Amino acid sequence: MAAAKTGTARQTRIRKALKAALRPELATGDDKAVKIRVCAGSTCNATGRAAVSDALKKELDKREHSDKVEVVLTGCHGLCQEGPIAVVHPKGVFYPRLKARDMAEIVETSVVGEDVVERLLYRDPQTGAAVALEKDVPFYSGQTRVVRALNGTIDPTSIDDYLSRGGYTALAKVLGEDDPEAVIDLVEASGLRGRGGAGFPTGTKWRYCRANPGEKHYIIANGDEGDPGAFMDRAILEDNPHSLVEGMLIGAFAIGADEGYVYVRHEYPLAVSRLRLALEQARERGLLGEDILGTGWDFDLRINQGAGAFVCGESTALTASIEGHRGMPRGKHIRTVAHGLWQQPTDLNNVETFANVPWIVTNGSEAFRAMGTEGSKGTKIFSLAGKARNSGLVEVPMGATLGEVIFSIGGGMQDGREFKAVQLGGPSGGCLPAELLDTPIDFENLTRYGSMMGSGGMVVVDDTTCMVDFAKFFFEFTAQESCGKCVPCRIGTQRVLEILERITAGEGTEHDVELLEELSEDIIEGSLCQLGGSAPNPVLTTLRYFRDEVMAHVVEKRCPAKVCRPLIKYTIDPDACTGCMACTPACPTSAISGERKQAHVIDQKLCIKCDTCRQVCKFDAIPVVDAQPALVEGRAQ
Amino acid sequence: MPRRSDGTTATEPKGSALYEVLKGIDFERRELVDKPRGVGLFDLVKDKAGAYKCYACTLCERKCPVDCIEIDYCPEFEELPFDLEAERALALATLPGESCGANAACVMGEQPAGFVPEIDMKLFDPVVAGIRGGSGLVEALHATQEAYGYLPRVALEEIAGEMHLPFSRVFGVASFYAQFRLTPVGKHVISVCMGTACHVAGAPLVAEAFSQALDVPVGGTTPDLLFTLETVNCIGACALAPAAWARTSRTRA
């Protein structure tokens with residue numbers, strides 16, 4: 001009884017401290033009032049968000065509405081393809097692809113009046129019908145937003161926005177109960193697995209880390225999102241940095257950490273500045289630093305910027321980088337939970353993993369387990385990119401099929417082209433073909449089919465992408481990013497790249513294909529860390545699902561997708577060519593000649609196959625054809 | 001034997017302070033006089049063609065039980081990662097009409113040994129403050145690059161001194177990470193994204209087009225120090241693919 005009573009007193013004290021931390025007058029409030037949320041994510045910023053929000057404010061001033069209508073610059077709304085985006089509340093009218101000149105009409109009709117501007121509404125790419133409300137846009141209605149629930153709603157630079165929407169209550173709950181083991185039990189029971197790629201159970205990792213003795217325990221968030229084509233962590237850091245801070249605080253309390261680091265890529269300047277601001281605000285309100293929420297518990301976070309090394313996403317390389325060494329991994333006979341940063345027990349989780357934690361604490365492990373499949377619980381954010389109509393961030397429960405994500409949410413393929421493959425997990429993952437579109441996405445399934453979850457990059461490609469060239473792209477990446485410590489990875493990736501270069505140059509043999517398979521197995525077996533251990537996945541999946549295309553390069557010396565330069569040539573169709581002279585000045589090597597209104601010709605000796613002429617041609621008169629086999633043989637000799 | 005400027009060779013120690021320290025060394029035989037066997041000056045072995053066999057693997061430096069070996073810059077080697085031409089161009093551009101501190105050798109078209117361009121050490125103060133405030137090596141390098149736009153050799157030496165690390169270690173870290181530059185950067189930096197989504201949308205063609213337009217290879221800087229063209233692995237703007245990121249470098253804007 002006595003214990004329960006003191007517990008209650010502690011809880012009351014913490015709740016009061018949390019309430020004191022909030023300054024409600026600084027929060028942007030709910031959606032009932034008239035309010036315009038303008039997306040200020042990186043992509044919308046790049047497509048002219050500043051001009052749009054300036055014009056919006058000016059129009060509001062002109063109509064003397066500035067004090068009645070709040071303009072909130074929010075984090076990323078997710079549908080990056082359609083930026084800059086603004087949503088007009090209380091109705092939630094969704095306006096994509098805005099221009100500064102449209103703002104007068106929107107203010108007049110949707111803000112002062114209560115109508116919608118039909119002309120500017122989002123069009124459903126499949127039906128062509130206008131969609132007025134944000135929640136009805138198919139891209140959003142197909143998602144289940146748990147981690148990204150507040151993104152696009154709150155102002156990421158305001159801690160009060162986060163606090164007023166229940167932020168840090170999970171931390172207060174954990175601190176109030178004062179039982180770290182119970183937190184670990186809860187996370188373990190929820191079935192949360194690491195979102196960085198390997199999918200190790202988070203609760204188990206925390207338990208090991210807590211149990212290991214050391215002078216100090218460290219906790220690190222891995223935001224070194226090096227996979228090309230992945231930007232989920234960037235979105236969390238930019239759009240809701242406090243969810244990461246809260247998750248890390250809970251984790252730190254559970255494992256008994258004294259100090260934490262957030263390792264962020266240097267290529268994400270906006271993420272770094274927003275996180276830095278979030279840490280300052282949290283310190284100022286007594287949520288970070290000394291005596292957190294009046295409990296006497298001290299914990300602080302530091303930001304550590306990476307410097308452009310993919311291998312630093314690997315746990316031991318990451319700690320080496322923080323310590324000021326070259327980012328080279330070590331053999332993991334002893335895990336980082338025992339000997340990590342500065343030889344102390346260290347817990348390293350992905351940014352997205354931490355962002356899941358406050359939700360689990362608030363809603364309980366059962367609610368989390370209710371989403372997902374047998375082995376993979378909860379939701380996962382994917383960054384959909386490539387040739388899908390809607391590029392952006394998609395959060396779906398584990399177990400959603402690839403087809404649902406790409407076709408229902410992603411809106412299908414651009415320009416009506418044919419789906420060819422989807423690449424998951426970046427350079428460590430693989431390409432899955434159309435036959436596997438019905439596969440539910442979870443850790444086990446992706447591994448079974450030769451790909452992996454990775455951090456969640458999902459790049460869709462159509463029939464204009466050559467799969468051999470695509471595999472070569474990933475090997476160029478891994479060969480360049482291999483740190484050079486172990487031989488199988490350093491030399492193996494280079495040799496695989498050379499074989500792929502031979503094949504794409506039309507000089508490959510059938511023996512090369514066998515060699516590729518053999519070498520890939522060796523790299524997987526022999527590499528020190530997972531960079532090498534997963535590097536051959538793109539090649540192995542290409543050989544598994546797109547063998548015909550590889551063999552076309554090897555046997556017929558032909559690139560079916562018309563990408564590999566030595567195997568193609570540009571020609572001019574004399575019937576379609578009007579002699580408009582558009583291509584002649586565009587050609588960088590002056591390879592095109594011909595009189596006005598006469599069909600032109602390309603001098604194959606001068607042509608460097610840069611594709612410029614095909615792009616400027618308005619009459620589709622420049623078809624790309626297979627180079628003559630004789631030409632290829634001649635070149636090989 | 002290298003001839004010194006006053007006509008003597010290094011084997012004839014004169015009474016300078018330098019040679020006071022080196023007393024007791026037989027330079028001809030490269031060993032220490034009156035020392036037990038096995039102790040002496042060690043030299044790098046050359047192959048028949050006269051080139052040094054050492055390729056600075058740093059194994060000896062790391063394995064030496066008494067830490068007496070330090071791999072450092074050797075003036076006899078051509079120092080590849082540091083672009084002397086570009087550094088000189090920067091020094092001249094910084095101080096038009098004035099001496100850049102390297103005597104007049106560069107104007108005469110000679111390569112002064114160990115040429116060091118002058119850099120504004122005032123910009124370096126925040127880096128030192130950061131190091132004293134407990135920042136790590138990578139952070140210090142970031143701060144230096146923010147101040148100068150690249151990592152000048154002098155600054156790396158200063159960092160090594162300030163952090164009590166061998167220069168080789170600082171240089172090793174600086175050359176490991178793709179984001180650190182050892183050569184001066186142009187006023188405008190163009191980074192062409194080479195991420196997966198950009199690749200399938202034709203990023204290699206974009207990089208090639210920039211390269212042709214600026215007449216520099218990827219990773220190069222135009223001779224007038226106006227543009228630097230580089231590629232970056234992914235800037236996370238996949239929805240805008242193919243993407244390129246142009247920015248003005250902070251230093252000489």
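Residues numbered from 1 in each chain as written. Chains lettered and ligands numbered in written order. Predicted model: local features only at pLDDT ≥ 70, side-chain atom pairs only at ≥ 80, totals over all residues.

**A closer look at the overall build of chain A**
Right, on to step 1. Across its full length, chain A carries 25 helices and 19 strands.
Right, on to step 2. Principal-axis analysis of the C-alpha atoms gives chain A an extent of 90 × 70 × 40 Å.
Right, on to step 3. Evaluated residue by residue, chain A yields a buried proportion of 53% over its 637 residues.
Right, on to step 4. Counting only contacts in chain A whose residues sit at least 6 apart along the sequence, the fraction spanning at least 24 positions is 72%. (Helix = DSSP H or I, 4+ residues; strand = E, 2+ residues; numbered from the N terminus. Buried ≥ 20, exposed ≤ 12 C-beta atoms within 10 Å, placed from the backbone. Contact = placed C-beta atoms within 7 Å.)

**Examining the overall build of chain B**
Right, on to step 1. Counting its secondary structure elements, chain B contains nine helices and five strands.
Right, on to step 2. Secondary structure elements in chain B, listed N-terminal to C-terminal, are α-β-β-α-α-α-α-α-α-β-α-α-β-β.
Right, on to step 3. A total of 253 residues make up chain B; the buried ones form 30% of that total.

**Notes on the packing of helix α7 (residues 169–177) of chain A against helix α11 (residues 241–255) of chain A**
Residues and elements named next belong to chain A.
Right, on to step 1. For the pair α7 and α11, the least separation of the axes is 9 Å and the interaxial angle reads 15 degrees. Judged by the inter-axis angle, α7 sits roughly parallel to α11. For α7 against α11, the interelement crossing comes out left-handed. Taken together, the residues of α11 that come into contact with α7 (itself represented by Ala 170, Leu 171, Val 174 and Leu 175) are Glu 246, Leu 249, Ile 250 and Phe 253. (Axes fitted to C-alpha atoms, helices over the stretch in contact; angles between N-to-C directions. Parallel < 35°, antiparallel > 145°, perpendicular 65-115°, else oblique. Left-handed = near helix turned anticlockwise from the far one by under 90°.)

**Observations regarding the sheet that holds strand β3 (residues 188–193) of chain B**
Residues and elements named next belong to chain B.
Right, on to step 1. Strand order in the open sheet formed by three strands is β4-β3-β5, with mixed pairing between adjacent strands. Each having just a single partner strand, β4 (227–232) and β5 (244–248) make up the two edges of the open sheet. Taking the axes of each pair of neighbouring strands and ignoring which way they run, one obtains an average angle of 20 degrees across the sheet.
Right, on to step 2. Relative to β4, β3 is paired through six bridges, and the arrangement is parallel. (Pairing = 2+ DSSP bridges.)

**Focus on unusual backbone geometry**
Residue and element names in this part refer to chain A.
Right, on to step 1. Residue Pro 90 follows His 89 across a cis peptide bond; omega there is 10 degrees.
Right, on to step 2. For Pro 90, the position within the fold is in the loop between β3 (86–89) and β4 (93–95).
Right, on to step 3. Residue Lys 557 is not a glycine yet carries a positive backbone phi of 55 degrees.
Right, on to step 4. Of note, Lys 557 is situated in the loop between α22 (547–554) and β16 (568–570).
Right, on to step 5. By the C-beta count within 10 Å, which is 23 here, Lys 557 ends up buried.
Right, on to step 6. In this structure, Asp 611 is a non-glycine residue whose phi angle is positive, near 75 degrees.
Right, on to step 7. Among the secondary structure elements, Asp 611 is positioned in the loop between β18 (601–602) and α24 (612–616).

**Quick look at the domain arrangement of chain A**
Residues and elements named next belong to chain A.
Right, on to step 1. Per the domain assignment, the segments making up chain A are domain 1 (35–136), domain 2 (159–367), domain 3 (379–462), domain 4 (467–554) and domain 5 (572–621).
Right, on to step 2. Relative placement of domain 2 and domain 3: their C-alpha centres are 27 Å apart.
Right, on to step 3. Each partner contributes residues to the interface: domain 2 has 16 residues there, and domain 3 has 17 residues.
Right, on to step 4. For the side of domain 2 that touches domain 3, the leading source of residues is helix α10 (residues 232–239), giving three residues.
Right, on to step 5. A class-by-class count of the residues in the side of domain 2 that touches domain 3 yields five nonpolar, five polar and six charged. (Domains from an automatic or database assignment. Nonpolar A, V, L, I, M, F, W, Y, C, P; charged D, E, K, R; others polar.)

**Observations regarding the pairing of strand β11 (residues 379–386) of chain A**
Looking along a regular strand, one sees the side chains alternate between the two faces of the sheet.
All names here are of chain A.
Right, on to step 1. With respect to burial, β11 is a largely interior element, eight of its eight residues being buried.
Right, on to step 2. Inspection of the sheet shows β11 paired to strand β12 (residues 392–397) by six bridges, in the antiparallel sense. Paired with Thr 379 across the two strands is Pro 397, which belongs to β12.
Right, on to step 3. Note that β11 and strand β15 (residues 457–462) share four bridges and pair parallel. Looking at the pairing, Leu 384 lines up with Met 458 of β15.

**Remarks on the interface of chain B and chain A**
Right, on to step 1. Contacts between the two partners involve 30 residues from chain B, matched on the other side by 41 residues from chain A.
Right, on to step 2. When contributions to the side of chain B that touches chain A are tallied by element, the ones reaching two or more residues are α5 (137–148), α7 (167–176), α8 (196–200) and α9 (203–214) of chain B.
Right, on to step 3. Partitioned by chemical class, the residues of the side of chain B that touches chain A number 18 nonpolar, 10 polar and two charged.

**Side note on helix α3 (residues 49–62) of chain A**
All names here are of chain A.
Right, on to step 1. Its 14 residues place the ends of α3 20 Å apart at the C-alpha level, agreeing with the 20 Å of an ideal helix rising 1.5 Å per residue.
Right, on to step 2. All buried positions along α3 are accounted for by Arg 49, Val 52, Ser 53, Leu 56, Glu 59 and Leu 60. The arc enclosing the buried residues of α3, seen along the axis, measures out at 125 degrees, which places them on a common side. In α3, the exposed residues that point more than 90 degrees away from the buried face are Asp 54, Asp 61 and Lys 62.
Right, on to step 3. Here the buried face of α3 lies against β1 (35–39), α2 (42–46), β2 (70–74), β3 and α4 (103–112).
Right, on to step 4. Just downstream of α3 lies Glu 64, where phi reads positive at about 55 degrees. (Expected span 1.5 Å × (residues − 1). Arc of directions from axis to C-beta.)

**What about the packing of helix α8 (residues 180–190) of chain A against helix α14 (residues 351–369) of chain A?**
Residue and element names in this part refer to chain A.
Right, on to step 1. Where α8 meets α14, the closest approach of the two axes is 8 Å, and the angle between their N-to-C directions is 50 degrees. Compared by their axis directions, α8 and α14 come out oblique. When the axes of α8 and α14 are compared, the crossing they make is left-handed. Here Leu 186, Val 187, Ala 189 and Ser 190 of α8 lie close against α14, whose contacting residues are Val 357, Ile 360, Val 361, Ser 365, Phe 368 and Arg 369.
Right, on to step 2. Among the residues forming the contact of α8 with α14, the class breakdown is seven nonpolar, two polar and one charged.

**Quick notes on the environment of Ile 131 of chain B**
All names here are of chain B.
Right, on to step 1. Within the element layout of this structure, Ile 131 appears in helix α4 (residues 125–132).
Right, on to step 2. Judged by the 18 C-beta atoms lying within 10 Å of it, Ile 131 falls in the partly exposed class.
Right, on to step 3. In this structure Ile 131 touches Ala 140, Glu 162 and Met 163, once residues within four positions along its chain are discounted.

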